[in-house]
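The residues making up each chain are set out below.
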Amino acid sequence: MIKKIKILYEDANILAIEKPSGILVHPDEHSKEKTILDFFKEEYPKVEVVHRLDRETSGVMLLAKNKKAYEFLKGQFQTRTVKKIYNAIVFGYFKNERGVINKPIGRSPVDFRRHLAGRGARGELREAITEYKVLKEFTSPQPSPYKGEGEKFTYLEVKPKTGRTHQIRVHMKYISHPIACDSLYNPNGSCPKGLTRLALHSQSVEFKNLKEKVVKVESPLPLQFRKLIK
């Protein structure tokens, strides 16, 4: 069990933490495990989660120490003035070095846990825009189960312009480049050798604090990622 979560930035109102992969952000009625909120409630009794990261996603995450800070930061997310950058490792190589995925996201008709972009999406379709840039291409050391050669992967910088649930995971699945080790959106896909978690990391978040100062908080790339792209 992780005993301490690193604080990357702190002022009188805001915490930016380095969320580890594998920890829930909010309590789950089906689980009694410790959440991000549990880690900080004792020292900061009024702490609130401003935005969420999936359980298996790591990296920068913002917490508000009080209601005023929560509303202030929430407003920035709603007006899309917060700048977020993620790193991801996905299946396959890309034809273009940059791209924009502009495709509304709804619910999956077959699995309540999943969301869906494109044909078949159910319920309210919400605007979702994701920009990406290719940083490196590589081949996994182990052979592909479908080919005689190693599986091809791409290391990306990803900038979500909206904040839909599972947005990056859904959009990458939509363009047939699912994120590596994504058991929900690509359960039959293989993992690159040495990677034991979802290959998605919140690399940086840029926002204004309550003094209207622009703050950019960054989280180093996880060791498993670094070993793969070296």
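How each quantity is defined
- Residues numbered from 1 in each chain as written.
- Predicted model: local features only at pLDDT ≥ 70, side-chain atom pairs only at ≥ 80, totals over all residues.
- Heavy atoms only, no water.
- Phe/Tyr/Trp six-rings, centres within 6.5 Å; stacked < 30°, edge-to-face > 60°.
- Buried < 20%, exposed > 50% of the residue type's maximum accessible area, 1.4 Å probe, protein only.
- Helix = DSSP H or I, 4+ residues; strand = E, 2+ residues; numbered from the N terminus.
- Salt bridge = Lys/Arg side-chain N within 4 Å of Asp/Glu carboxyl O.

Moving on: the packing of aromatic side chains. Tallied over the full model, the rule gives five aromatic pairs. Look at F40 and Y44: their rings are 6.5 Å apart centre to centre, the planes differ by 35°, and that puts the pair in the tilted class. Using a relative accessible area of 6% as the deciding quantity, one classes F40 as buried. Chaining the aromatic ring pairs together yields one cluster made of F91, F138 and F153.

So, on to unusual backbone geometry. Although it is not a glycine, R80 sits at a positive phi angle of roughly 60°. Secondary-structure assignment places R80 in the loop between α2 (67-78) and β5 (83-91). Phi is positive for C181, which is not a glycine, with a value near 65°. The exposure class assigned to C181 is buried, which follows from its relative accessible area of 14%.

Here the structure, examined in full by the defined rule, presents 13 salt bridges. Across the pair K67 and E48 runs a salt bridge, and its minimum N-O distance is 3.9 Å. Here E48 lies in strand β3 (residues 48-49) and K67 lies in helix α2, a separation of 19 residues in the sequence. Among the ionic pairs, K67 bridges to E71, the shortest N-O distance being 3.9 Å. In this pair, K67 and E71 both sit in helix α2, four residues apart, roughly one turn of the helix. Residue classification places K67 among the partly exposed positions, given a relative accessible area of 47%. With a relative accessible area of 45%, E71 lands in the partly exposed category. When salt bridges with common partners are traced through the structure, they connect R52, D54, R169 and D182 into a single cluster.

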